[in-house]
Amino acid sequence: MTADTLIHPLAVVEPGASIGAGARIGPFCHVGADAVVGDRTTLMSHVVVSGATTIGSDCTVHPQAVLGGAPQSTSHKGGRTTLTIGDRCVIREFVTMNRGTDNSRGATTVGNDGLFMAYVHIAHDCSIGDNATFANGVTLGGHCDIGNSVGIGGLTALHQFVRVGDKAFVAGGSMVLGDVVPYGLASGDRAELRGMNVVGMRRAGVPRSDRLRLRMAYKTLFDRSRTMAENIELVRAEFADSPYAMQVIDFMVARGRRSFTLPPLKGGIDDSDDDQE
């Protein structure tokens, strides 16, 4: 801690806590003895940081957030587990992020540059990539894996162990029971795959030719006239020149047999020409 670090006299920072240079700890915050708060990070007020929690640099944590609380799991036996949050994250009001469990990963991890709006809950043993955007009220069950640049709309819930691939988008008010492939667009109760996250791909600078190529691969991959295993092999053969299609295939086979969020039985992947420049 240095001279330019400010800790409000009404804050409680327990002995042993590490507070970075230029950090700001506002009134009525409570920072536990095993916590690390990075350089220039601001805890505005009434923020609780408990357990072995590390918050990176240049983050802003809004009032009533609780970071590093014990996992909500009856199998956890009280062992030391961690929560690690990356740099430049914005964590809004009443967000809760729990530590891992001592009979699983033992760690919950959140990447850099995330925006977590009010009342987001990230459960034990989750892994969140960089550039996440979670709208108000998003709830993740335990052991979820979220890729990079993923957007999740408000009041959406993910079942435990669900994976969401890079640059996918899940619309608000969804209930997600199966994995969402990279670049996918999912919505509904229960969520179904509606097409590709074209907007996200454009923002990421994916060329139009690659987007169209991926659209073709998606149609092959989710063709219900064949088995999924057959479709995967067809995509491997026909779209080997598309790194985006190969990323989808790698995601689907990475964990063996999985439950996936699929297109609806009627209509399938959206074939409308929504990829106009």
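Everything here concerns the structure above.
Let us look at the structure shown here. Model, not experiment: these values are computed from the prediction.

Our next topic: the packing of aromatic side chains. Tallied over the full model, the rule gives four aromatic pairs. Ring geometry for Phe-116 and Phe-134: centres 5.2 Å apart, planes at 90°, overall edge-to-face. With Phe-116 in strand S16 (residues 115-116) and Phe-134 in strand S19 (residues 133-134), this residue pair connects regions lying 18 residues apart in the sequence. Taking the relative accessible area as the measure of exposure, Phe-134 reaches 0% and is therefore buried. Pairing Tyr-218 with Phe-222 gives two aromatic rings, centres 5.9 Å apart and planes at 75°, and the pair type is edge-to-face. The class for Tyr-218 is buried, based on a relative accessible area of 1%.

This part takes up the pairing of strand S11 (residues 66-69). Put simply, side chains in a regular strand alternate between the two faces of the sheet. Pairing geometry for strand S8 (residues 48-49) and S11, over two bridges, is parallel. By the bridge assignment for S11, Val-48 is matched with Val-66. Relative to strand S14 (residues 96-98), S11 is paired through three bridges, and the arrangement is parallel. Looking at the pairing, Val-66 lines up with Thr-96 of S14.

It is worth spelling out the nonpolar core at this point. Ranked by size, the top nonpolar core spans 45 residues in total, and within it Leu-43, Met-97, Phe-116, Ile-128, Phe-134 and Leu-140 carry the most contacts. Dropping the residues within four chain positions of it, Ile-128 is found in contact with Thr-109, Val-110, Gly-111, Phe-116, Ile-122, Phe-134, Leu-140 and Ile-146. Judged by nonpolar contacts, the second largest core, of 23 residues, contains Met-201, Ala-217, Phe-239 and Val-248.

It is worth spelling out unusual backbone geometry at this point. Following Asp-189, the chain continues into Arg-190 via a peptide bond in cis, with omega recorded as -5°. Turning to its location among the elements, Arg-190 is positioned in the loop between strand S27 (184-187) and strand S28 (192-196). Phi at Phe-28 is positive, roughly 65°, even though this residue is not glycine. Considering the arrangement of structural elements, one finds Phe-28 in the loop between strand S4 (24-25) and strand S5 (30-31). A positive phi is found at Asp-125, a non-glycine position, where the angle reads about 65°. Among the structural elements, Asp-125 can be located in the loop between strand S17 (121-122) and strand S18 (127-128).

Looking now at helix H3 (residues 228-238). Along an α-helix, a turn takes 3.6 residues, which lines up residues three or four apart on a common side. For H3, the full list of buried residues reads Asn-231, Ile-232 and Val-235. Angularly, the buried residues of H3 cover 100° about the axis, an arc narrow enough to put them on a single face. Residues Ala-229 and Ala-237 are exposed on H3 and point more than 90 degrees away from its buried face. On the buried face of H3, the contacting elements are helix H2 (208-221) and helix H4 (243-253).

Read from one edge to the other, the open sheet built from eleven strands follows the order S1-S4-S7-S10-S13-S16-S19-S22-S25-S27-S28, with strand pairing classed as mixed. Among the strands making up the open sheet, the edge pair consists of strand S1 (6-7) and S28. One ladder, built from two bridges, connects S4 with strand S7 (residues 42-43); its direction is parallel. Bridging from a neighbouring strand, Arg-24 pairs with Thr-42 of S7. With respect to the sheet, H2 is in contact with S27 and S28, its orientation differing from that of S28 by roughly 150°.

Another aspect to go through is the environment of Thr-53. For Thr-53, the location among the structural elements is in strand S9 (residues 52-55). Linking Thr-53 and His-143, residues 90 residues apart in sequence, is a C-alpha distance of 18 Å. Setting aside its immediate chain neighbours within four residues, Thr-53 contacts Asp-34, Ala-35, Val-36, Leu-67, Gly-68, Leu-83 and Arg-99. From its side chain, Thr-53 meets the backbone oxygen of Ser-50 in a polar contact 2.7 Å long.

How each quantity is defined
- Residues numbered from 1 in each chain as written.
- Predicted model: local features only at pLDDT ≥ 70, side-chain atom pairs only at ≥ 80, totals over all residues.
- Heavy atoms only, no water.
- Phe/Tyr/Trp six-rings, centres within 6.5 Å; stacked < 30°, edge-to-face > 60°.
- Helix = DSSP H or I, 4+ residues; strand = E, 2+ residues; numbered from the N terminus.
- Buried < 20%, exposed > 50% of the residue type's maximum accessible area, 1.4 Å probe, protein only.
- Pairing = 2+ DSSP bridges.
- Core = buried A, V, L, I, M, F, W, Y, C linked by side-chain atoms within 4.5 Å.
- Contact = heavy atoms within 4.5 Å.
- Arc of directions from axis to C-beta.
- Axes fitted to C-alpha atoms, helices over the stretch in contact; angles between N-to-C directions.
- Polar contact = N/O pair within 3.5 Å; in protein donor to acceptor, adjacent residues only side chain to side chain.

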